[in-house]
Amino acid sequence: MRGQVLMADERLALVDKILAYVSSPFRLFAMVLMAVLTFAGYFVYANQDLLIGAYKESKKIPTIAEDRVEDAAAHLFKQSGALVVAVFKVNSMFGTRVLYRAYGKNGRDKTKDELDVGLFTQNDANNADVVKLMASEIPCGEYKSAQSEMGLWYIARGVSYTCRISVPPEPGRVVGQITVGWATQPEDMDSTRAMLQIAATMLSRSKQ
């Protein structure tokens, strides 16, 4: 019983010391900051294997063949009469979709380079298309309202119909995406889809 009383007294003394230390707002802020940093450090230490593993896995993920992007875009403009071609890098593990190159009729447009529009978003139409892309489908349709910041770029260039295809054009292995836009729906959709398949295959295999 006496030991318990002594322990209680020691705890009270410790609390008194802490309260005395945090007598000013600055000291309170410093103490909270130290607690947060300590927790963050412990979290990183306790999960270092998991974090290192995730980083290594991200490095193993294949990417688009960057040396074929210009060729693929030129192919699509020539063979499909496109108004715009946009090529994205996709990382499904981290949910990112980053613009790598965007082209209009007058050549490359760098204004949106490195823009991350996200993979799954709050836009239902976008999410439905992403599911189709992962199943190796080629979603096409009227583009009446922007699904992202890039969508505003498409519309500003006269696009009202788009198609998307994954890179590579295989189920479950999405490392990139090609979006192509036209003023109106192409007359021969079978030929258009075939041209998209060729472009996506080009971006799946480097020249080197």
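An account of the accompanying structure is given in this report.

Considering the packing of aromatic side chains
- The full count for this structure, using the stated rule, is three aromatic pairs.
- Taking the centre distance of 6.3 Å and the plane angle of 55 degrees together, the rings of Tyr-161 and Trp-182 count as tilted. With Tyr-161 in strand S5 (residues 161–167) and Trp-182 in strand S6 (residues 176–182), the pair connects residues that are 21 residues apart, well separated along the chain.
- By the ring-pair criterion, three or more aromatic residues cluster together here, those being Tyr-143, Trp-153 and Tyr-154.
- Above the ring of Tyr-100, the side-chain terminus of Arg-101 is found at 4.2 Å from the ring centroid.

A look at the sheet that holds strand S2 (residues 96–104)
- If you walk across this open sheet you meet the six strands as S3-S2-S1-S6-S5-S4, and the pairing is antiparallel. The sheet terminates laterally at strand S3 (107–108) and strand S4 (140–142), the two strands that pair on one side only.
- Of the strand pairs in this sheet, S4 and S5 are connected by three bridges, and their pairing is antiparallel. Across the sheet, residue Glu-142 finds its bridge partner in S5, namely Tyr-161.
- Taken strand by strand, helix H4 (residues 69–80) contacts strand S1 (84–91), S2 and S6, and its axis lies near 55 degrees from that of S2.
- Running at roughly 170 degrees to S1, helix H6 (residues 149–156) makes contact with S1, S2 and S6 of the sheet.

Points about the pattern of salt bridges
- Evaluation of the coordinates by the stated rule reveals eight salt bridges.
- Note that Arg-157 is salt-bridged to Asp-109, the shortest N-O span being 3.0 Å. One end of the pair, Arg-157, is in the loop between H6 and S5; the other, Asp-109, is in the loop between S3 and helix H5 (124–134), and 48 residues separate them in sequence.
- Under the relative-accessibility criterion, Asp-109 is labelled buried at 15%.
- Note that Asp-129 and Arg-164 form a salt bridge whose closest N and O atoms lie 3.9 Å from each other.

Cut-offs used in this document
- Each chain carries its own residue numbering, running from 1 in the direction its sequence is written.
- Two thresholds apply to this predicted model, a pLDDT of at least 70 for residue-level local features and 80 or more for giving and counting side-chain atom pairs, whereas whole-chain, interface and lining totals are computed over all residues.
- The side-chain quantities take in all heavy atoms of the structure and omit both hydrogens and water.
- When the centres of two rings from Phe, Tyr and Trp lie within 6.5 Å, Trp using its six-membered ring, the rings pair. Their planes under 30 degrees apart give stacked, over 60 give edge-to-face, and anything left gives tilted.
- Under the DSSP-based scheme used, a helix requires at least four consecutive residues in state H or I and a strand at least two consecutive residues in state E, with every element numbered from the N terminus.
- Distance and angle both matter: a charge sits over a ring if NZ of Lys or CZ of Arg is within 6 Å of the ring centre and within 35 degrees of the ring normal.
- Should DSSP find at least two bridges between two strands, the strands are taken to pair.
- Two residues qualify as a contact provided that any one of their heavy atoms is within 4.5 Å of a heavy atom in the partner residue.
- For helices, the fitted axis covers only the stretch in contact; all axes are lines through C-alpha atoms, and the angles between them, taken along N-to-C directions, range from 0 to 180 degrees.
- Salt bridges are counted wherever a side-chain nitrogen of Lys or Arg sits within 4 Å of a carboxyl oxygen of Asp or Glu.
- To sort residues, take the accessible area from a 1.4 Å probe on protein chains only and compare it with the maximum for the residue type: under 20% means buried, over 50% means exposed, and anything in between is partly exposed.

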